[in-house]
Amino acid sequence: MTGALREEFGNPSSVHHFGQQAKAAIDEARTDVATLLGAEPSEVLFTSGGTESDNIAIRGAAEALEATGRRHLIASSIEHEAVLNTLKAMAKRGWRTTLLPVDQTGIAAPDALRAALADDTALVSVMHANNEIGTIQPIAELARIAHDRGALFHTDAVQSAAKLPISVRSLGVDMLSISAHKFYGPKGVGALWIRRGLRVLPLLTGGRQERSRRAGTENVAGIVGMGVAARIARGKMADECTRLSALRDRLEAEILAAVPGTAVNGAREPRVPNTTNVSFDRVEAESLLIALDLEGIAVSTGSACSSGTLEPSHVLKAMGFNAHRAQNSIRFSLGASSTDAEIDRVIAVLPKMVEKLRSLTRAPVRA
Ligand SMILES: Cc1ncc(COP(=O)(O)O)c(C=O)c1O
């Protein structure tokens, strides 16, 4: 990235050699990102992150299909706000929208999708892995069902890309969103994979960058960073997946054993290897978050974008949990720097913390 900012600082649209160096750097990153997804480089569109990728997928595909009379959009009820709020915006502009229910394990059932699809459904968007509970949806099956009714299928793979092997062809989707900062690339850069030949209208109009699908001079340093992050993640993925899921499973098992009144939220399998979401009966999750933070342990309630709002998680509510359980839940995320010693430390401090917080409230502990 430093090289792209200092030495190869040309504008990739320029014909002179500085420009062509920058273009070559983008091409290399595009190949790395495509390889991560089992795709062709020409199918990769660089964006400013997962939010923009989701927006282009939904708005761009829906608007391209508008003339056909398909004005119905479906998404799961546990999507990230980048999808949910885009659907809300489309609803204000006259599109019909349906949110798919999920069961108590956080999975959208194929039958629920069959029931929601209509002759005028333009697009179905269901995330690959959920950002709060980590569970993985049966994307290949859902995509097949959507295609049988002539609808397009988009998946937000921001939480799973580079953590699990992904092949866009095996998933059978039409579009797939990823974000660099979820796999140690820089923030503010992402990509949307668009199946070759699929028409998607641009959100940004102007120059012809990114095959006229996203106008504006590229974020060269960010894109270079994303490419390198994709390459590194790909090389480490298999080992890291095994290491992290073992650490996560130990953390989970030890919390459940050491702290009464705890439960894991969502299906344990299939799940991304780095996430667990645990509810602590009679504990306000925000208070536990602050207590843990004071010990140098960073966790979250809900997604980072909505934490601080004190709203119970829409994901846990959609899974049928009451507001109490949703407000008692903490997400622990592990990553490249997580170690066994860190898990030991969480287990050393957490039970006493929970006991102390519970001593401040009166309701009985769940059996
Ligand atoms: C599932 C999911 N989708 C989309 C996003 C938004 O990505 P970005 O922050 O790169 O815009 C996030 C970010 O946390 C996410 O977890």
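Draft legend 1. Looking closely at the packing of helix 9 (residues 220–258) against helix 13 (residues 340–359). At a minimum axis distance of 10 Å, the contact between helix 9 and helix 13 shows a crossing angle of 15 degrees. It follows from the interaxial angle that helix 9 and helix 13 lie roughly parallel. Along this stretch, helix 9 crosses helix 13, giving a crossing that reads as right-handed. Along its contact with helix 9, which presents Leu 247, Arg 250, Leu 251, Glu 254, Ile 255 and Ala 258, the element helix 13 presents Asp 340, Ile 343, Asp 344, Val 346, Ile 347, Leu 350 and Pro 351.

Draft legend 2. Fine view of unusual backbone geometry. Going from Glu 269 to Pro 270, the amide bond is cis rather than trans, its omega being -10 degrees. Relative to the elements of secondary structure, Pro 270 occurs in the loop between strand 8 (262–264) and strand 9 (275–280). Even without being glycine, Tyr 184 reaches a positive phi, approximately 70 degrees. Among the secondary structure elements, Tyr 184 is positioned in the loop between strand 6 (175–179) and strand 7 (190–194). With a relative accessible area of 61%, Tyr 184 lands in the exposed category. Its identity is not glycine, yet Arg 282 carries a phi of approximately 60 degrees, on the positive side. Examined against the element boundaries, Arg 282 turns out to sit in the loop between strand 9 and helix 10 (285–294). Taking relative accessible area as the criterion, Arg 282 reaches 18% and is therefore assigned buried.

Draft legend 3. Structural context of the nonpolar core. Formed by 60 residues in total, the largest nonpolar core has its most connected members in Leu 176 and Ile 178. If one sorts the elements of this core by residue count, helix 9 sits on top with nine residues. Look past the residues within four positions of Leu 176 in its chain and what remains in contact with it is Leu 37, His 154, Thr 155, Ala 157, Ile 166, Val 168, Leu 171, Ala 191, Leu 192 and Trp 193. Within the second largest apolar cluster, 25 residues are counted, among which are Val 283, Ile 297, Phe 332 and Met 353.

Draft legend 4. A look at the pattern of salt bridges. Summed over the entire model, instances satisfying the criterion amount to 20 salt bridges. Residues Asp 120 and Arg 96 are paired through a salt bridge, measuring 2.6 Å at the closest nitrogen-oxygen approach. Taken as a pair, Asp 120 in the loop between helix 5 (110–116) and strand 4 (121–125) and Arg 96 in strand 3 (residues 96–100) lie far apart in primary sequence, 24 residues in all. By relative accessible area, Arg 96 is classed as partly exposed at 41%. Residues joined by salt bridges that share partners form a network here, namely Arg 250, Glu 254, Asp 340 and Asp 344.

The rules behind the values
- Residues numbered from 1 in each chain as written.
- Predicted model: local features only at pLDDT ≥ 70, side-chain atom pairs only at ≥ 80, totals over all residues.
- Heavy atoms only, no water.
- Axes fitted to C-alpha atoms, helices over the stretch in contact; angles between N-to-C directions.
- Helix = DSSP H or I, 4+ residues; strand = E, 2+ residues; numbered from the N terminus.
- Parallel < 35°, antiparallel > 145°, perpendicular 65-115°, else oblique.
- Left-handed = near helix turned anticlockwise from the far one by under 90°.
- Contact = heavy atoms within 4.5 Å.
- Buried < 20%, exposed > 50% of the residue type's maximum accessible area, 1.4 Å probe, protein only.
- Core = buried A, V, L, I, M, F, W, Y, C linked by side-chain atoms within 4.5 Å.
- Salt bridge = Lys/Arg side-chain N within 4 Å of Asp/Glu carboxyl O.

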